[in-house]
Amino acid sequence: MPETLKEKTAKGLFWGGVSNGAQQALSLVFGIFLARLLSQSDYGMVGMLTVFSLIASSLQEGGFIAALNRKKDVSHRDYNAVFWACSLISLTIYLVLFFCAPLIADFYGEPLLIPLSRYIFLGFFITSLGIAPRALLFRNMKVREQSIVSFVSLLLSGAVGVAMAASGFAYWGIATQTLVYVSLFTGMNFWYARWHPTLPVDFTPIRQMFGFSSRLIVTNIFIIINTNVFSVILGRLYSPHVVGNYTQANKWNYMGWSLINNMLGGISQPVFAKTDQDKERQSGIFRKLLRFTAFVSFPLMLGLALVAPEFIVILLGEKWLESARLLQILCVMGAFYPISSLFSNLIVARGKSTTYMWCNIVLCLTQLVAVCLSAQFGIEVMLLVYVGITIAWILPWHYFAHREIPLSLWDVVRDLTPYFVITVVLCCIAYWLTRGVDSLYLSFGMKVGFVAVGYVLTLWLLRSTIFRESMEFFRQKIHGKR
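Since this is a predicted model, take the numbers as computed values, not measurements.

## Structural notes on the overall build of the chain
Counting its regular elements, the chain contains 21 helices and zero strands. The buried share of the chain, taken over its 482 residues, is 54%. Taking the intrachain contacts of the chain between residues at least 6 apart in sequence as the baseline, contacts between residues at least 24 apart amount to 84%. Within the structure as shown, the chain displays about 21,300 Å² of accessible surface, and the carbon and sulfur contribution to it stands at 68%.

## Examining the pattern of salt bridges
What the rule picks out here adds up to eight salt bridges. Note that Glu310 is salt-bridged to Lys447, the shortest N-O span being 2.8 Å. Placement of the pair is Glu310 in helix H14 (residues 308-316) and Lys447 in helix H20 (residues 440-461), with a sequence separation of 137 residues. Of the two residues, Glu310 and Lys447, neither departs from the other in class, the shared state being buried. Of the charged contacts, one joins Arg350 and Glu404 as a salt bridge, the two residues approaching to 3.2 Å between their closest N and O atoms. Residue Arg350 is found in the loop between helix H15 (322-349) and helix H16 (353-374), and its partner Glu404 is found in the loop between helix H18 (394-402) and helix H19 (409-433); the two are separated by 54 residues along the sequence. Exposure remark for Glu404: the relative accessible area of 12% places this residue in the buried category. If you follow the salt bridges from partner to partner, you end up with Arg287, Arg291, Asp411, Arg414 and Asp415 in one network.

## Some details on the nonpolar core
By size, the foremost hydrophobic cluster in this structure holds 79 residues, and its most contacted members are Phe286, Phe298, Leu327 and Phe343. Top element by residues in this core is H15. It accounts for 17 residues. When residues no more than four places from it in sequence are discounted, the contact partners of Phe343 are Phe286, Leu290, Ile394, Trp397, His398, Ala401, Leu407 and Val412. Leu38, Val46, Leu49 and Ile93 belong to the second largest nonpolar core, which has 21 residues in total.

## With respect to the side chain of Thr293
Inspection of the secondary structure puts Thr293 in helix H13 (residues 279-306). Excluding its chain neighbours within four sequence positions, the residues that come into contact with Thr293 are Ile260, Leu264, Phe298, Pro338, Ile339 and Leu342.

## Considering the confidence of the model for the chain
Of all residues in the chain, 80% have pLDDT values of 70 or greater, and the mean over the chain is 81. When pLDDT is averaged over each element of the chain, H19 comes out on top at 94 and helix H1 (residues 5-37) at the bottom at 63.

## Thoughts on the environment of Ala349
Mapped onto the fold, Ala349 is located in helix H15. A C-alpha to C-alpha distance of 5.8 Å links Ala349 and Phe272, two positions 77 residues apart in sequence.

## Remarks on helix H9 (residues 171-193)
For H9, which comprises 23 residues, the first-to-last C-alpha distance of 34 Å matches the rise-based estimate of 33 Å (1.5 Å per residue) to within 8%. Where H9 ends, the next residue or the one after it, Arg194, has phi of about 55°, a positive value.

## Overview of the environment of Leu37
Tracing the backbone through its elements, the reader meets Leu37 in helix H1. In this structure Leu37 comes out as partly exposed when scored by relative accessible area, which is 41%. The residues touching Leu37, leaving out its near neighbours within four places in the chain, are Val162, Ala165 and Ala166.

## Looking at the packing of aromatic side chains
The final tally for this structure, using the stated rule, is 22 aromatic pairs. Here the aromatic rings of Phe336 and Phe420 are separated by 5.9 Å at their centres, their planes lie at 50°, and the arrangement is tilted. One end of the pair, Phe336, is in helix H15; the other, Phe420, is in helix H19, with 84 residues separating them in the sequence. A residue is classified by how much of its surface remains accessible, and Phe336, at 14% relative accessible area, is buried.

## Some points on the environment of Leu326
Mapped onto the secondary structure, Leu326 falls in helix H15. When its relative accessible area of 5% is taken as the criterion, Leu326 is described as buried. Taking C-alpha positions, Leu326 is 9.2 Å from Ala308, a pair spaced 18 residues apart along the chain.

## Digging into H19
For an α-helix, 3.6 residues make a turn, and residues three or four places apart therefore share a direction. The end-to-end C-alpha distance of H19 is 36 Å, a good match for the 36 Å that 25 residues give at a rise of 1.5 Å each. Approximately 35° is the largest bend angle found in H19, and it occurs at Thr417, with the proline Pro418 only one to four residues beyond. Every buried residue of H19 is accounted for by Asp411, Val412, Asp415, Leu416, Tyr419, Ile422, Thr423, Leu426, Cys427 and Ala430.

## A few points about the side chain of Ser344
Inspection of the secondary structure assignment puts Ser344 in helix H15. The residues contacting Ser344, other than those within four sequence positions of it, are Tyr356 and Trp397.

## Points about unusual backbone geometry
With an omega of 0°, the peptide bond between Leu199 and Pro200 qualifies as cis. Within the secondary structure, Pro200 is located in the loop between H9 and helix H10 (204-227). Despite not being glycine, Ala170 has its phi angle at roughly 55°, a positive value. Of note, Arg463 is a non-glycine position whose phi angle comes to about 55°, a positive value. Tracing the backbone shows Arg463 in the loop between H20 and helix H21 (465-478). A relative accessible area of 64% places Arg463 in the exposed class.

## Re the packing of helix H4 (residues 76-108) against helix H5 (residues 113-120)
Pairs of packed helices are described in terms of their axes, by the angle between the two and the distance that separates them. Close contact between H4 and H5 brings their axes to 8 Å; oriented N to C, the two are set at 145°. By crossing handedness, the relation of H4 to H5 is classed as right-handed. Listed contacts from H5 to Tyr94, Phe98, Ala101, Pro102, Ala105 and Tyr108 of H4 are Leu113, Ile114, Ser117 and Arg118. Of the residues in the contact of H4 with H5, the class split is eight nonpolar, one polar and one charged.

## Notes on a nonpolar patch on the surface
On the surface, a cluster of nonpolar side chains totalling about 520 Å² of accessible area is made up of Phe420, Val421, Val425, Ile429, Trp432 and Leu433. By the element assignment, Leu433 lies in helix H19.

Each value, and the rule that gives it
Residues numbered from 1 in each chain as written. Predicted model: local features only at pLDDT ≥ 70, side-chain atom pairs only at ≥ 80, totals over all residues. Heavy atoms only, no water. Helix = DSSP H or I, 4+ residues; strand = E, 2+ residues; numbered from the N terminus. Buried < 20%, exposed > 50% of the residue type's maximum accessible area, 1.4 Å probe, protein only. Contact = heavy atoms within 4.5 Å. Areas by Shrake-Rupley, 256 points an atom, 1.4 Å probe, with all protein chains shown as cover. Salt bridge = Lys/Arg side-chain N within 4 Å of Asp/Glu carboxyl O. Core = buried A, V, L, I, M, F, W, Y, C linked by side-chain atoms within 4.5 Å. pLDDT = per-residue confidence, 0-100. Expected span 1.5 Å × (residues − 1). Phe/Tyr/Trp six-rings, centres within 6.5 Å; stacked < 30°, edge-to-face > 60°. Bend = angle between axes of the 7 residues up to and from the residue. Axes fitted to C-alpha atoms, helices over the stretch in contact; angles between N-to-C directions. Left-handed = near helix turned anticlockwise from the far one by under 90°. Nonpolar A, V, L, I, M, F, W, Y, C, P; charged D, E, K, R; others polar. Patch = residues over 30% accessible without salt bridge, like charges linked within 9 Å, V, L, I, M, F, W, Y side chains within 5 Å.

Below, the structure is given as structure tokens:
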């Protein structure tokens, strides 16, 4: 029997959760080994180049995955055009960056960045080769296949990175880990998509998609600059040691919120695109996904903020303790980031790429100006300002979403508040209970145990619908029921 949209959504969330959970567990293990083997300066060297790689990747992807997802009818000609266009664009960008490597090194005052940047930038060109098959899997909600691709790529590349770091290759180990990951990721996407490019190529579909995708390109560039502005500013004003502390904190924060974001990202846009003719139904789906996001995001990210000092010292060692405070601040933003992403996915799925573009551009410029003005007060103040603006920007996102579907601000507040209040209260009690505990391990265990048990018990007593449905779905999976 053909699966219903609800069944596909539930299965997508399940596989997305399993996959991202497994990936984050692997990342945790590899991250611990690398953090103990490498120094803040090693992470800082790679962190300085992140923004350039991400901007280049955004240019070569061109927003075509979202554009292909929105098309009513897609053929081999469309995927073929995207493959060749992305490959040619990325090759051109790589050559430009290759010859600009000395300028990047001069900007940071670090000559060693010349060979490192030329090596790392190969990764986005390799990634471009897999955009077309990845778009095919994404459009058809093949979350299970995408999960396997990501897990295997992370497992093998992480092993390579740790082995190289242990052998004394320092930051070259991190760089090689990235290249191995994107190579495996690209190859396996082709394998599962059962698709390959052909000649000759017709670029007509590119011209048809360019209006929509070009606005996504501009938006993604601004988002990338904005999310990596600290690495650039800190790399310019401070030593690689400071950049390394921020990079480490941001890494763990990213691992947390991306677990939720990737789980939802794999199904939200396709589901919204398939229901864009029924606004009432789309609004119901959005609110349910919003409640699910809050249900997972708040305890995970605010809980990580609660245990950040113990987490950093136990897993990475005393040398990284400076990054714990930065991690706590970033985790507050991480708790709300998946909610903003859900709004933006709705806007894109509704075909409002112009709205999506300008909303992100204004957000990025606002944060960039605020960060630059607050730089004189230190990195913690900069982060607090950045986080505050990110959370407040949910209001503009809601305004534009409200213009597309029936969704009042009260609906959003009512959907988010219970999970937020329960989590904050439990975290405050856990912090108070463990103030006099000297053992890091005992403090960590008590905080995690109290918040986890208290959260589940509270939702069970309140008869939370999202909680009950999630438990029922997992129970059926465990018992093999359909």
